[in-house]
Amino acid sequence: MGFLMRHVLITGFEPFGGASDNLSWDAAAALARRPAPDGTRISAVRLPCVFDTSLTVLRAAVTEYDPALVICLGLANGRTEITPERVAINLDDARIPDNAGAQPFDRPVIPGGPAAYLADLPLKAAVAAMTAAGVPASISYTAGTFVCNHVFYGLRHLIATERPDLRGGFVHVPPNLPVERLTDGLAELVRICLDTDTDLAVSAGTLH
Ligand code: PCA
């Protein structure tokens, strides 16, 4: 006892769209099994791929762990890099039903909330560190309009309205990288987010 443990909460999603697994959860669980940076503890929580309950489960986990940092992970089919997300928009518009059969369209995540939130994590430094570790990464400027964006927006709304000291963001993972490499990259991202207050002063477009 005697020194303060910082908690890091990593979330991944359950399978969706008829798939039998979801790499975002495999990566979250693998990251929580690795040795955490000094003075920190990493916990992984699996979120339902359901508009109606995903944010309830996220909020309960934030209350339970009282983390300093929350990184939510989701699977992005079609992408080939780890993509930290910059922008969460106040829009649910589902191309396929969620796991409870809901398929909202043209609906705000939070009625009356701002059109968008920006993640203020050091995403450029994180992309540079992941790239240096040999893991393909780039910043994304759309998290889509399905449950991932919903969770990202809800997380940023929670930070904006209730938890100003919490740091948090969303990262999409691609389906084509082995879980070990994803975890290597995400460990870099977590380390940078814990250690870095000021992001790299360069345009995202110049990182590669
Ligand atoms: N990906 C989906 C939802 C759950 C997941 O892993 C998305 O990108 O919205």
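The coordinates are above.
Residues numbered from 1 in each chain as written. Predicted model: local features only at pLDDT ≥ 70, side-chain atom pairs only at ≥ 80, totals over all residues. Heavy atoms only, no water.

Attention now moves to the packing of helix α2 (residues 51–65) against helix α4 (residues 147–161). At their nearest, the axes of α2 and α4 sit 10 Å apart, and the two run at 40° to each other. In terms of orientation, α2 lies oblique with respect to α4. Handedness of the crossing formed by α2 with α4: right-handed. In this structure, α2 contributes Phe-51, Ser-54, Leu-55, Leu-58, Arg-59 and Val-62 to the contact, and α4 contributes Val-147, His-150, Val-151, Gly-154, Leu-155 and Leu-158. Tallied by class, the residues present in the contact of α2 with α4 amount to eight nonpolar, three polar and one charged. (Axes fitted to C-alpha atoms, helices over the stretch in contact; angles between N-to-C directions. Helix = DSSP H or I, 4+ residues; strand = E, 2+ residues; numbered from the N terminus. Parallel < 35°, antiparallel > 145°, perpendicular 65-115°, else oblique. Left-handed = near helix turned anticlockwise from the far one by under 90°. Contact = heavy atoms within 4.5 Å. Nonpolar A, V, L, I, M, F, W, Y, C, P; charged D, E, K, R; others polar.)

The subject of this paragraph is the sheet that holds strand β7 (residues 167–173). Taken together, five strands build an open sheet; the order of strands is β2-β1-β3-β7-β4 and the sheet is mixed. Whereas interior strands pair on both sides, the edge strands pair on one side only; in this sheet they are β2 (40–47) and β4 (83–84). Judged from the eight bridges that link them, strand β1 (residues 6–13) and β2 form a sheet pairing that is parallel. Its bridge partner being in β2, Leu-9 is matched across the sheet by Ser-43. In this fold helix α5 (residues 179–195) packs onto β1, β2, β3 (69–75), β4 and β7, with an angle of close to 150° to the strand it touches most, β3. (Pairing = 2+ DSSP bridges.)

Turning to unusual backbone geometry, a few remarks are in order. Positive phi values are uncommon outside glycine, yet Asp-66 reaches one of about 45°. Within the element layout of this structure, Asp-66 appears in the loop between α2 and β3.

In terms of nonpolar packing, the biggest core is built from 63 residues, with Ile-10, Leu-58 and Ile-71 touching the most fellow members. Among the elements that line this core, the one with the most residues is α4, at eight residues. In this structure Ile-10 touches Ala-28, Leu-31, Ile-42, Ser-43, Ala-44, Val-45, Ile-71, Leu-73 and Val-190, once residues within four positions along its chain are discounted. (Core = buried A, V, L, I, M, F, W, Y, C linked by side-chain atoms within 4.5 Å. Buried < 20%, exposed > 50% of the residue type's maximum accessible area, 1.4 Å probe, protein only.)

One pass over the full model with this rule turns up nine salt bridges. In this structure, Arg-34 and Glu-180 form a salt bridge, with 3.2 Å as the shortest nitrogen-oxygen distance. Here the residue Arg-34 occupies a position in the loop between α1 (23–33) and β2, and Glu-180 occupies one in helix α5, the gap between them amounting to 146 residues. Across the salt bridge formed by Arg-163 and Asp-66, the nearest N and O atoms sit 2.9 Å from each other. Pair noted here: Arg-163 is in the loop between α4 and β7 and Asp-66 is in the loop between α2 and β3, with a separation of 97 residues, a long-range link. Its relative accessible area of 25% is what places Arg-163 among the partly exposed residues. Connected through shared salt-bridge partners, Arg-34, Glu-180 and Asp-184 make up one network. (Salt bridge = Lys/Arg side-chain N within 4 Å of Asp/Glu carboxyl O.)

By the definition in use, this model includes zero disulfides. Distance from the sulfur of Cys-72, which forms no disulfide, to the nearest cysteine sulfur (Cys-148) is 9.1 Å. Overall, the relative accessible area of 0% leaves Cys-72 in the buried class. There is no disulfide at Cys-193, and the cysteine sulfur nearest it, in Cys-72, is 12 Å away. A relative accessible area of 2% means that Cys-193 is categorised as buried. (Disulfide = S-S within 2.5 Å.)

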